[in-house]
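# Examining the three-dimensional arrangement
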Amino acid sequence: MTGSPYLRIRSVQKSYKGSVALHDIDLDVEQGAFVSLLGPSGCGKSTLLQILAGLLEPDRGQIQLDGADITNLPPWRRNIGLVFQNYALFPHLSIRQNVRFGLDMLGMGRVEAEKRVDESLEMVGLDPSLSRRPGELSGGQQQRVAIARAIAIRPRLLLMDEPLSNLDAVLRHKVRLELRELHDRTGITTIMVTHDQAEALATSDRIAVMQSGRILQYEAPETLYGAPATAFIAGFVGSPPANLLPLTASGPDNWTLADGQVWQPAAVLAPKANGAQSGRACLIALRPETLTIGTSGDGGLPARVAAVEFNGGDRLVHAETGGTRITVRIAASQAIASPDILLFPPQQAPVLFDATTGTRL
Ligand code: ADP
């Protein structure tokens, strides 16, 4: 092991007409990993992906792939597969000709190219004997053709920009699973841009969460979910996301909520909230499934049920306490007998953020 990552992005910066799209991006990707760039619209995900593809030039910084500096290589010399949201297929070419396109560009012989086309179409679950043109296929099939075209060249890197966004909800779910399975079969190092946190959590080995041209956190999905680095991430990742409650530590066992109510999670929460000095304004992140609902007992926060959503396997209870709304996930079998409930905090150490900066305490 050299310890050197397969893809290494160093100090990459990019501005458009003086407005900064990427500040100073560092990112390492291991060979064979599936990585997502996740963030709201405009955070710089596509800009970074296009720089990796060679479609955009960074203002500063360096990109190394497999030990070689590719920062100034033109796209066609990078051996990178690209998949876009709108499929970008050639409408006048047949399915097979679309998949063969990149192989012809590489000057591959006819027999070998045809074999690769067969393999690639089979790999994405399409019939290689398809003679139709892209316009005659459904959106899901067109995206499979685009993916087959991208992997046919056996790329060193597969880059996908919102590949599932044009598909309906059911298909999106199906194809995202297929993408992960395809990745596992081919072992191609993959980077996917998405604004959909569920998509990123479901497919990726690691997720780089971006906001305003910066990477806030780059971790495995489980870490991102359980130990978000900022309040923004806690409120962005998860469906529904974590409850973010403004609190002031008013004593070792007392938490004062924004509306002045005192919550006394006592033994459970307060002693573990290290770093949160008395009087400091904090945000506490509480995942909906870590809270419990009861009607009696010590340390419960009185709340009133505003709405209950039935989701099949579980229910989401939206409760109000003072001015704050808290969502709790309970089993579908659990009955809510009265709208007046008590909310009990989780047993594990809480995740706390500074209320002003949003950074983890
Ligand atoms: P994302 O993919 O996360 O939605 P983008 O990388 O497309 O974000 O855009 C990042 C920022 O750069 C945004 O503020 C966007 O408006 C701006 N931007 C993107 N492309 C251009 C362009 N060609 N000209 C000017 N500004 C651009």
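Residues numbered from 1 in each chain as written. Predicted model: local features only at pLDDT ≥ 70, side-chain atom pairs only at ≥ 80, totals over all residues. Heavy atoms only, no water.

## Description of the overall build of the protein
Assigned secondary structure in the protein consists of 9 helices and 20 strands. On the principal axes, the C-alpha backbone points of the protein span a range of 75 × 45 × 40 Å. A sequence separation of at least 24 residues applies to 65% of the contacts in the protein between residues at least 6 apart. When the accessible area of the protein is evaluated, it comes to approximately 16600 Å², of which 50% is carbon and sulfur surface. (Helix = DSSP H or I, 4+ residues; strand = E, 2+ residues; numbered from the N terminus. Contact = heavy atoms within 4.5 Å. Areas by Shrake-Rupley, 256 points an atom, 1.4 Å probe, with all protein chains shown as cover.)

## Describing the site of the ligand
Taken together, the residues surrounding the ligand are Tyr16, Ala21, Pro40, Ser41, Gly42, Cys43, Gly44, Lys45, Ser46 and Thr47. Within the backbone of Cys43, an N or O atom sits 3.1 Å from an oxygen atom of the ligand. Separating an oxygen atom of the ligand from a side-chain N or O atom of Ser46 is a distance of 2.8 Å. Computed on the free molecule, the ligand has an accessible area of 560 Å², of which 58% lies beneath the protein chains in the complex. With 3 residues, helix 1 (residues 45-53) is the single largest residue contributor to the shell around the ligand. Classifying every residue of the shell around the ligand gives 4 nonpolar, 5 polar and 1 charged. (Near = heavy atom within 4 Å. Polar contact = N/O pair within 3.5 Å; in protein donor to acceptor, adjacent residues only side chain to side chain. Nonpolar A, V, L, I, M, F, W, Y, C, P; charged D, E, K, R; others polar.)

## Focus: the packing of aromatic side chains
This model, assessed by the stated rule, comprises 2 aromatic pairs. Aromatic side chains Phe90 and Phe101 sit 4.6 Å apart centroid to centroid with 45° between the ring planes, which places their arrangement in the tilted category. Of this pair, Phe90 sits in the loop between strand 6 (80-83) and helix 2 (95-105) while Phe101 sits in helix 2, placing them 11 residues apart in sequence. Since its relative accessible area comes to 26%, Phe90 is described here as partly exposed. Taking the relative accessible area as the measure of exposure, Phe101 reaches 31% and is therefore partly exposed. (Phe/Tyr/Trp six-rings, centres within 6.5 Å; stacked < 30°, edge-to-face > 60°. Buried < 20%, exposed > 50% of the residue type's maximum accessible area, 1.4 Å probe, protein only.)

## Quick look at the pattern of salt bridges
Using the criterion set out here, one finds 14 salt bridges in the structure. Measuring nitrogen to oxygen at the nearest pair gives 3.9 Å for the salt bridge that ties Lys14 to Asp59. Within this pair, whereas Lys14 is found in strand 1 (residues 7-16), its partner Asp59 is found in the loop between helix 1 and strand 4 (60-65), the two being separated by 45 residues in sequence. Given a relative accessible area of 11%, Lys14 falls into the buried group. Between Arg96 and Asp118 there is a salt bridge whose closest N-O contact spans 2.8 Å. Linking Arg96 in helix 2 with Asp118 in helix 3 (residues 110-123), this pair joins segments that are 22 residues apart in sequence. One salt-bridge network, held together by shared partners, links Arg96, Arg100, Asp104, Glu114 and Asp118. (Salt bridge = Lys/Arg side-chain N within 4 Å of Asp/Glu carboxyl O.)

## What to know about the packing of helix 4 (residues 139-152) against helix 5 (residues 169-186)
Each pair of packed helices can be summarised by the angle the axes make with each other and by the distance between the axes. Across the interface, helix 4 lies against helix 5 with an axial gap of 11 Å and an inter-helix angle of 20°. Considering the angle they form, helix 4 stands roughly parallel to helix 5. Crossing of helix 4 against helix 5: the hand is right-handed. Residues Gly140, Arg144, Ile147 and Ile151 of helix 4 form the contact with helix 5, whose own contacting residues are Leu171, Lys174, Val175, Glu178, Leu179 and Leu182. A class-by-class count of the residues in the contact of helix 4 with helix 5 yields 6 nonpolar, 1 polar and 3 charged. (Axes fitted to C-alpha atoms, helices over the stretch in contact; angles between N-to-C directions. Parallel < 35°, antiparallel > 145°, perpendicular 65-115°, else oblique. Left-handed = near helix turned anticlockwise from the far one by under 90°.)

## Details of unusual backbone geometry
Pro240 follows Ser239 through a cis peptide bond whose omega is -5°. With respect to the helices and strands, Pro240 occurs in the loop between helix 8 (231-234) and strand 11 (243-249). Despite not being glycine, Tyr87 shows a phi value in the positive range, around 70°. Inspection of the secondary structure assignment puts Tyr87 in the loop between strand 6 and helix 2. Taking relative accessible area as the criterion, Tyr87 reaches 9% and is therefore assigned buried. In this model, Ala88 sits at a positive phi of 50°, which is unusual for a non-glycine residue. Here Ala88 is to be found in the loop between strand 6 and helix 2.

## Digging into the domain arrangement of the protein
As assigned here, the protein comprises domain 1 (7-230) and domain 2 (243-354). Distance from the C-alpha centre of domain 1 to the C-alpha centre of domain 2: 40 Å. Residue-level contacts link 6 residues of domain 1 with 4 residues of domain 2. Carbon and sulfur atoms make up 53% of the area that domain 1 and domain 2 hide from each other, which totals about 400 Å². Of all residues in domain 1, Tyr225, Pro228 and Thr230 give up the largest surface area on contact with domain 2, accounting jointly for 85% of the area buried on that side. Between the two partners, domain 1 and domain 2, sit 0 salt bridges. (Domains from an automatic or database assignment. Buried area = accessible area lost by both parts, 1.4 Å probe.)

## With respect to the environment of Leu48
Note that Leu48 resides in helix 1. Residue classification places Leu48 among the buried positions, given a relative accessible area of 1%. In sequence terms Leu48 and Val193 are 145 residues apart; their C-alpha atoms lie 9.3 Å from each other.

## Topic: helix 2
If you check which residues of helix 2 are buried, you get Ile95, Arg96, Asn98, Val99, Arg100, Gly102 and Leu103. Its buried side turned inward, helix 2 meets helix 3 and helix 4. After helix 2 finishes, the residue Gly107 shows a positive phi value of roughly 75°.

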